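Listed below are the residues making up each chain.
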Amino acid sequence: MAQRKIDVFDTTLRDGEQVPGASLNRDEKLHVAHQLASLGVDIIEAGFAASSPGDFAAVKMIAESVKGPVITALARAVESDIEAVAEAVKPAERPRIHMVLGTSKQHLDHKFRKSEDDILKMGVDAVKFARNLCPEIEYSTEDASRSDFDYLCRTLEAVIDAGASVVNIPDTVGYAVPEQWGELIRRIIETVPNIHKAKVSVHCHNDLGMATANSLAAIKAGAQQVECTMNGIGERAGNASLEEIVMAVKMRGEFYGAYTDIDTRQIYPTSVLVRERMHMPVQANKAIVGANAFSHSSGIHQDGVLKNRENYEIMTPEDVGIEQNEIILTARSGRHALRHRLELVGYTFSDEKREEFDHIYARFLNVADRKKEVLDTDLHDIMKGETVEVPEQYHLVDFQAVAGIQGTPMATVRLNVGGEVVQAAANGDGPVAAAFNAIDEITKLPSEIQNTSTTSVGKHGEQNVTINVGYHDQSYTGQASATDVVEASIRAYLNSLNKFVATHSGVVGE
Ligand code: KIV
Ligand code: ZN
């Protein structure tokens, strides 16, 4: 069967970034975008340019410096949004405007309160307007899975005539099921007379856990572009996950008659970068990238794998870029271990570069002193010289916490505050909350915990805690690890506090 190339449209930085607590600053977005380019995605949706000046600037920066993929950003079908995207993506090698307008009766009646004809005209006018500003236009018929088929086809035909070269059919609410969804895509391709003038794309959400299956059914039915995110992050239950679609197409290429240009060995490094940067850990049994995805626990399976890996594995960890790495980087790691790990994440050092390596090792030790375990994302920061020391206005001296079911949890915390040791005790819903209350007693800062996540990493049970704390409407992310989860939480909380203080005293920029 002739093999069709499927374009991979990554929306981690737009649909994925809409998740609460997952937002990135401009440099972090750029870092992820460069990694997506190394992964080999065809299109990067870099943001929603009109949503804020920060997002506009991030999209523009990505368009200026990320080479290879098409760079796009989302716009509603209104001129100000379209102009913002056109301006932000203009510096890209291949810019694209992605616009969205609903087609379902639900959206027409209860969101826009307009007739089918009015909305169709609005879409067509918006495409014509955008076409004068950018050579490539993608048009998304939001909520397509709940739209009337004839109206959907009429819209697609009209926007293609107006100049859209990609038409995206979204299952915005994750309502579709694979057989029906595949059939819908097939019927659209058969029915819309000018469909050959545009690429057909799908964008599936995971509300019923079928986003990957629906995307694959669409590919089988003839879709040429698939929209997805790394680790499946995105609105509500998330988007179709890039790694699942790509590996399914790779492993079952003959069945789908298709292939992608993704460098699958970059999947795992990208997954780790996204989960760490966006504070979205993946579950252990997550397909392709979860901690258990390639581990075998039952005796029968272990015996089978030892006899021949293929007894229980359809792909190898190396296929998706998982290096079997037993070396954990800590403050006790030597130069050899650091050099080895740096090589695995893509940095090599010749003997002539010994002096440069010495500086990097010194920076590494600095980070390791604070973090217990140094992760791959830390290494990228170390290499870029981005390991900004946050001065510790509040330094943990000691704490004691009491937990239990019968009594009231309480904690005593001692902090060194600008050279003076201060102590406070407080109750709370648990030992962590009690410790946070004690810290608040000392600092008197008006803070609000927005999001906390904990992952257990490494063989020694280190707890890696990430916490987003709001101070005066700004969010600051604190991170710390320790084998005791209360200690890790206190340190993460203090880290966010110290960032806030440093930002307000002008020492560090957020
Ligand atoms: O889910 C959706 O419909 C979207 C569109 C913008 C494509 O994210
Ligand atoms: Zn979406």
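Residues numbered from 1 in each chain as written. Chains lettered and ligands numbered in written order. Predicted model: local features only at pLDDT ≥ 70, side-chain atom pairs only at ≥ 80, totals over all residues. Heavy atoms only, no water.

Looking at the overall build of the protein chain
A tally of helices and strands in the protein chain yields 17 helices and 16 strands. The C-alpha atoms of the protein chain give a radius of gyration of 25 Å, which matches the 24 Å a tight globule of 510 residues would have. Once the C-alpha set of the protein chain is aligned to its principal axes, its extents read approximately 75 × 60 × 60 Å. Buried residues in the protein chain amount to 52% of all 510 residues. For the protein chain, the accessible surface area stands at approximately 23300 Å², while carbon and sulfur atoms represent 48% of it. For the protein chain, the centre of its 50 positive side-chain charges and the centre of its 73 negative side-chain charges are spaced 2 Å apart. (Helix = DSSP H or I, 4+ residues; strand = E, 2+ residues; numbered from the N terminus. Rg over C-alpha atoms; globule rule 2.2 N^0.38 Å. Buried < 20%, exposed > 50% of the residue type's maximum accessible area, 1.4 Å probe, protein only. Areas by Shrake-Rupley, 256 points an atom, 1.4 Å probe, with all protein chains shown as cover. Lys, Arg positive; Asp, Glu negative; His and termini not counted. Charge placed at Lys NZ, Arg CZ, Asp CG, Glu CD.)

Description of the sheet that holds strand β5 (residues 95-102)
In spatial order, the strands read β2-β3-β4-β5-β6-β7-β8-β9; together these eight strands close into a barrel with parallel pairing. Here the strands of the sheet are splayed against their neighbours by 25 degrees on average, with no regard to which way each runs. Alignment of strand β7 (residues 166-171) against strand β8 (residues 199-204), held across six bridges, turns out to be parallel. Its bridge partner lying in β8, P170 is registered against H203. Each of β4 (70-76) and β5 touches helix α3 (residues 79-89); the most contacted strand, β4, lies at about 165 degrees to it. (Pairing = 2+ DSSP bridges. Axes fitted to C-alpha atoms, helices over the stretch in contact; angles between N-to-C directions. Contact = heavy atoms within 4.5 Å.)

Points about the layout of surface pockets
Of the pockets and cavities examined, the second largest pocket occupies roughly 440 Å³. Lining of the second largest pocket is provided by 24 residues; of these, R14, L74, V100, E142 and T172 occupy positions nearest its centre. Counting residues per element, the ones that place at least two in the lining of the second largest pocket are β4, β5, α4 (105-112), β6 (137-142) and β7. Here the lining of the second largest pocket gets four residues from one element, more than from any other, and that element is β5. Partitioned by chemical class, the residues of the lining of the second largest pocket number nine nonpolar, eight polar and seven charged. (1 Å grid on protein atoms, 1.4 Å probe; cavity = no way out; pocket = protein on both sides within 12 Å on 5 of 7 lines; lining within 4 Å. Points joined across faces, edges and corners; volume = space filled by probe spheres on them. Nonpolar A, V, L, I, M, F, W, Y, C, P; charged D, E, K, R; others polar.)

Regarding the domain arrangement of the protein chain
Each assigned domain of the protein chain is listed here: domain 1 (4-278), domain 2 (295-383) and domain 3 (394-504). One C-alpha centre belongs to domain 1, the other to domain 2; they are set 34 Å apart. Domain 1 puts 11 residues into the contact, and the matching count from domain 2 is 12 residues. Here domain 1 packs against domain 2, burying approximately 1100 Å² in sum over the two surfaces, 59% of which is carbon and sulfur. Viewed at the interface, domain 2 and domain 1 are joined by zero salt bridges. The interface formed by domain 1 and domain 2 holds three residue pairs in polar contact (both at pLDDT 80 or more) in total. Only α9 (242-251) and α11 (267-277) provide two or more residues apiece to the side of domain 1 that touches domain 2. Top contributing element to the side of domain 1 that touches domain 2 by residue count: α11, with six residues. (Domains from an automatic or database assignment. Buried area = accessible area lost by both parts, 1.4 Å probe. Salt bridge = Lys/Arg side-chain N within 4 Å of Asp/Glu carboxyl O. Polar contact = N/O pair within 3.5 Å; in protein donor to acceptor, adjacent residues only side chain to side chain.)

Some points on the site of ligand 1
As a matter of local geometry, ligand 1 sits amid R14, D15, L74, H98, V100, S140, E142, N168, P170, T172, H203 and H205. Residue R14 places a side-chain N or O atom 2.9 Å away from an oxygen atom belonging to ligand 1. Taking H203, its side chain carries an N or O atom lying 3.1 Å from an oxygen atom of ligand 1. The site holding ligand 1 turns out to be the second largest pocket. Mapped by element, the contributors of at least two residues to the shell around ligand 1 are β5, β6 and β7. (Near = heavy atom within 4 Å. Sits in = over half its atoms within 2 Å of the grid points.)

Focus on the packing of aromatic side chains
Aromatic ring pairs are reported here in terms of the distance separating the ring centres and the angle at which the planes meet. Enumeration over the complete set of coordinates arrives at four aromatic pairs. Between R339 and the ring centre of F357, over which it is positioned, the NZ or CZ distance is 4.8 Å. (Phe/Tyr/Trp six-rings, centres within 6.5 Å; stacked < 30°, edge-to-face > 60°. Lys NZ or Arg CZ within 6 Å of the ring centre and 35° of its normal.)

Re the pairing of strand β9 (residues 225-228)
Side-chain direction in a regular strand flips from residue to residue, so the side chains alternate between the two faces of the sheet. Neither face of β9 is open: one carries Q225 and E227, the other V226 and C228, and all of them are buried. In this sheet, β9 lies alongside β8 in parallel orientation, the contact comprising three bridges. Residue pairing across strands places V202 opposite V226, the latter belonging to β9. The parallel pair β8 and β9, bridged by helix α8 (residues 211-221), forms a crossover whose chirality is right-handed. (Right-handed = clockwise from strand over helix to strand, strands pointing away.)

Side note on the coordination of the zinc ion (ligand 2)
Six octahedral donors at a metal ideally form angles of 90 or 180 degrees, and four tetrahedral donors ideally form angles of 109.5 degrees. Donor atoms from the polypeptide that bind the zinc ion (ligand 2) are D15 (OD), H203 (NE2) and H205 (NE2), placed at 2.1 Å. According to the relative accessible area criterion, H203 is buried, its value standing at 5%. (Donors = N, O, S within 2.8 Å, 3.2 Å for Na, K, Ca; no water.)

A look at the sheet that holds strand β12 (residues 410-417)
Pairing within the open sheet is antiparallel, and its three strands lie in the order β11-β12-β13. Edge strands, defined here as strands with exactly one partner in the open sheet, are β11 (394-402) and β13 (420-427). Strand-to-strand twist of the sheet, defined as the mean angle between neighbouring strand axes without regard to direction, takes the value 15 degrees. Of the pairings in the sheet, the one linking β11 to β12 comprises eight bridges and is antiparallel in character. Opposite V402, over in β12, you have M410 as the bridge partner. Against the sheet, helix α16 (residues 431-443) contacts β11, β12 and β13, and its axis sits at roughly 40 degrees relative to β12. Each of β11 and β12 touches helix α17 (residues 485-504); the most contacted strand, β11, lies at about 150 degrees to it.

Some thoughts on the environment of A49
Positionally, A49 belongs in the loop between β3 (43-45) and α2 (53-65). Sequence separation between A49 and V397 is 348 residues, and the spatial gap between their C-alpha atoms is 44 Å. Leaving out residues up to four positions away in the same chain, A49 has contacts with D55, F56, A73, L74, A84, V85 and A88.

So, α17
Taking 1.5 Å of rise per residue, 20 residues should cover 28 Å, and α17 covers 29 Å from first to last C-alpha, within 8% of that figure. Burial within α17 is extensive, with 14 of its 20 residues counted as buried. At the N-terminal boundary of α17, the capping side chain belongs to D484, with an oxygen 2.7 Å from the backbone nitrogen of V486. (Expected span 1.5 Å × (residues − 1).)

Focus on the side chain of S271
Inspection of the secondary structure puts S271 in helix α11. Side-chain polar atoms of S271 contact the side chain of R275, separated by 2.6 Å. Those residues in contact with S271 that lie beyond four places of it in its chain are M230, N231 and V289.

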